[in-house]
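# Chains, contacts and geometry: an overview
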Amino acid sequence: MERRQFLVGAAALASVGLGTEAAQAQTSDSRARVVIAGAGAAGLALASRLRRSMPNATITIIDAKKEHHFQPGFTLVGAGIWSPAQVTEQNVDYIPRGVEWVEAAVAEFDPDANGVVTTTGQRIDYDFLLVATGLNLNYEAIEGMDVSLIGRDGIASIYAGPEQANASATAIDRFIEAGGVGLFGRPAGEMKCAGAPLKITFITDDKARSRGRRGAVELVYNAHNPAVFSVAPVNDKVTEMFAGRDIAVNYSHVLKAIDPGAKQATYATESGDITLDYDFIHVVPPMRAPNAVLASPLPWQDGALAADGWIEADKATLRHPRYPNVFAVGDIAGVPRGKTAASVKWQVPVVVDNLVAETAGRSPQAVYNGYTSCPMVTGIGKAMLIEFDYDGNLIPSFPFIDPLKELWVSWLIEEKGLLGAYRAMLRGRA
Amino acid sequence: MSDFDLTTIYFILSESMGGWLWGFVALALLLLAAIVAGIMTLRKNDTPARRPLVAALVAGLVTTIIFTFLVPIWTLAGAGALAAPIDVLFAVLFALVPGGVVGSAVFVIMAFASNRRVAAIA
């Protein structure tokens, strides 16, 4: 910590000594060592912005993954209208020049000694650590479930990856053709893109209708609590739409086991376990922090976000309260809401601006308001562009788009606009 | 929308369209140059611009109307996806691109055709 304090102090002194309006500057001359754990959406966007804002800093990004997935596009792959190739890119294309990429995973976080250890045994010390590891999909927490089952025996899951999303599209088509009961739902804990389970329900309904097979399929959404969505106006709207489309809802049903042979799913409910027969099921796995984060002192130590290992963070600044030189960004951040790529787009500038300000000897001012966006696809060619903050207030970016109305223009943004905006975000330009 | 400045929009377009962005820019500049050349030709020959203009407007309008219904298909939606006035407005805005290209091309062709007619008469 001493080195970081020295750097901050030196920067502050330099600023005062020169008598400049450093508070207005957008860059920092700091030579701090910044380590970014994870080269997903948040990690790459952080690296790109920091490279420009802190040209003298040593920036290291650590991730073993070579492929990069545009995860917001998984829904469209699952709908059968995008191919896996459309959501698959290479990390090397987005690592900014001047940023060192360590191609390994972080095996150990040691925030007390300001260092991380990679899976290859390399120790990397830092002045600032930005944790952007993403999360783990915990399919194994559902008894009888395994990723290899996706696409077989009526089991779908668009979360596991592009190929699994593609296999899910095939499973949906087979289900619509054969008919029967389709089950949908979501896990009880925090999850990325909480709208996706609803989207895939709407898409299945829409595809069945367009093929004249809606009468042959019964669709049931199993909500994990007494609501289908955590934002009240969206919950009301989706509930109304489900009723209008003859999609049944079971409340407080959490998937705990699956029997692929018997095609039965067991749900934990307030009145005990209930087993439902299905012909098709869309499984959304419980999600948690990666093992290295779970084993570290970084997660919340108590409260609702502790069990799954989400990193303790101030919800306005994403700074770790116990380790002030550590920030958590993206899915791993233990803040309410915020597990979408759109959230990353708003979180990254806050962290970078504050880091730049701090290393330039200024007072960090940027605040993240919990912005989360969910283009709620309600059928092929229509969507609701839902954006909200920590408090559940709808905060539309485009005043001419009604967030609770099914519109083609919202679909246009989803289908044609988001990928370009996402790529620009990875390059720190949006 | 505070973050949607011109720089951001440029980068989003660039990442969305790749090399096509510069192809469209080149096409737009080419058409602009051709329109200017067409106007100069009409003036040089003292030919009224009414006929090329009307033809361009009609061709552009027809193309825009046709493409307004094709734009949803470009987004993998059905032609009947336009559900609200805002949908139609955005579809028209997109359709104005091919409409503008066709209208410009018709104007230029008509302008130079009138030049050839004047030359033949002379």
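Residues numbered from 1 in each chain as written. Chains lettered and ligands numbered in written order. Predicted model: local features only at pLDDT ≥ 70, side-chain atom pairs only at ≥ 80, totals over all residues. Heavy atoms only, no water.

### What to know about the overall build of chain B
- Each helix and strand in chain B was counted, giving four helices and zero strands.
- Helices (α) and strands (β) of chain B occur, in sequence order from the N terminus, as α-α-α-α.
- Taken against the 2.2 N^0.38 rule, which gives 14 Å for 122 residues, the C-alpha radius of gyration of chain B at 18 Å runs more than 25% over that of a compact globule.
- Dimensions of chain B along its principal axes, counting C-alpha atoms only, are 55 × 35 × 25 Å.
- By the burial criterion, 33% of the 122 residues in chain B qualify as buried.
- In chain B, the share of contacts with a sequence separation of at least 24, taken over all contacts with a separation of at least 6, comes to 68%.
- Taking the average location of the 6 positive side-chain charges in chain B and that of its 5 negative ones, the two points are 32 Å from each other. (Helix = DSSP H or I, 4+ residues; strand = E, 2+ residues; numbered from the N terminus. Rg over C-alpha atoms; globule rule 2.2 N^0.38 Å. Buried < 20%, exposed > 50% of the residue type's maximum accessible area, 1.4 Å probe, protein only. Contact = heavy atoms within 4.5 Å. Lys, Arg positive; Asp, Glu negative; His and termini not counted. Charge placed at Lys NZ, Arg CZ, Asp CG, Glu CD.)

### Overview of the domain arrangement of chain A
All names here are of chain A.
- In terms of domains, chain A is made up of domain 1 (2-64 + 103-135 + 289-359) and domain 2 (139-286).
- Put simply, the middle of domain 1 and the middle of domain 2, counted by C-alpha atoms, are 36 Å apart.
- On the side of domain 2, seven residues touch domain 1, which itself brings nine residues to the contact.
- When domain 1 packs against domain 2, close to 580 Å² is buried across both sides, 54% of that on carbon and sulfur atoms.
- In terms of surface lost to domain 2, no three residues of domain 1 exceed L135, R337 and K339, which account for 59% of the buried area on that side. (Domains from an automatic or database assignment. Buried area = accessible area lost by both parts, 1.4 Å probe.)

### Focus on empty space enclosed by the protein
All names here are of chain A.
- On inspection of all chains with the given rule, the structure shows two cavities of 30 Å³ or more.
- The space that makes up the largest cavity amounts to roughly 80 Å³.
- G185, R186, L255, Y267 and H282 are, among the 13 residues lining the largest cavity, the residues nearest its centre.
- Ranked by residue count, the leading element in the lining of the largest cavity is strand β12 (residues 180-185), at three residues.
- Grouping the constituent residues of the lining of the largest cavity by class yields eight nonpolar, four polar and one charged.
- The volume enclosed by the second largest cavity comes to roughly 30 Å³.
- Every residue along the wall of the second largest cavity is listed here: H68, H69, F70, E89, Y94, Y422, R423 and L426.
- For the lining of the second largest cavity, the secondary structure elements donating two or more residues are β3 (67-69) and α9 (408-426). (1 Å grid on protein atoms, 1.4 Å probe; cavity = no way out; pocket = protein on both sides within 12 Å on 5 of 7 lines; lining within 4 Å. Points joined across faces, edges and corners; volume = space filled by probe spheres on them. Nonpolar A, V, L, I, M, F, W, Y, C, P; charged D, E, K, R; others polar.)

### Examining the interface of chain A and chain B
- Counting residues at the interface gives 27 residues for chain A, matched by 23 residues for chain B.
- In this assembly, chain A packs against chain B so that about 2100 Å² is buried in total across both faces, 70% of it on carbon and sulfur atoms.
- It is W408, K416 and R429 of chain A that lose the most area in chain A upon contact with chain B, and together they represent 31% of the buried surface on that side.
- Linking chain A with chain B are one salt bridge, by the criterion used here.
- Residue R427 of chain A is joined to E15 of chain B by a salt bridge in which the shortest nitrogen-to-oxygen separation is 2.5 Å.
- Across the chain A-chain B interface, the total number found is seven residue pairs in polar contact (both at pLDDT 80 or more).
- For the side of chain A that touches chain B, the secondary-structure elements that each account for two or more residues are α8 (341-359) and α9 of chain A.
- In terms of residues, the side of chain A that touches chain B owes the most to one element, α9 of chain A, which gives eleven residues.
- Among the residues making up the side of chain A that touches chain B, the classes are represented as 15 nonpolar, four polar and eight charged. (Salt bridge = Lys/Arg side-chain N within 4 Å of Asp/Glu carboxyl O. Polar contact = N/O pair within 3.5 Å; in protein donor to acceptor, adjacent residues only side chain to side chain.)

### Some words on the layout of surface pockets
Residue and element names in this part refer to chain A.
- Considering only enclosed or pocket space, the second largest pocket measures out at about 460 Å³ in volume.
- R186, E190, A194, S230 and R337 are, among the 26 residues lining the second largest pocket, the residues nearest its centre.
- Counting residues per element, the lining of the second largest pocket draws most heavily on strand β23 (residues 372-379), at three residues.
- By residue class, the composition of the lining of the second largest pocket is twelve nonpolar, nine polar and five charged.
- The residue makeup of the lining of the second largest pocket includes at least three contributed by each of domain 1 (2-64 + 103-135 + 289-359) and domain 2 (139-286).

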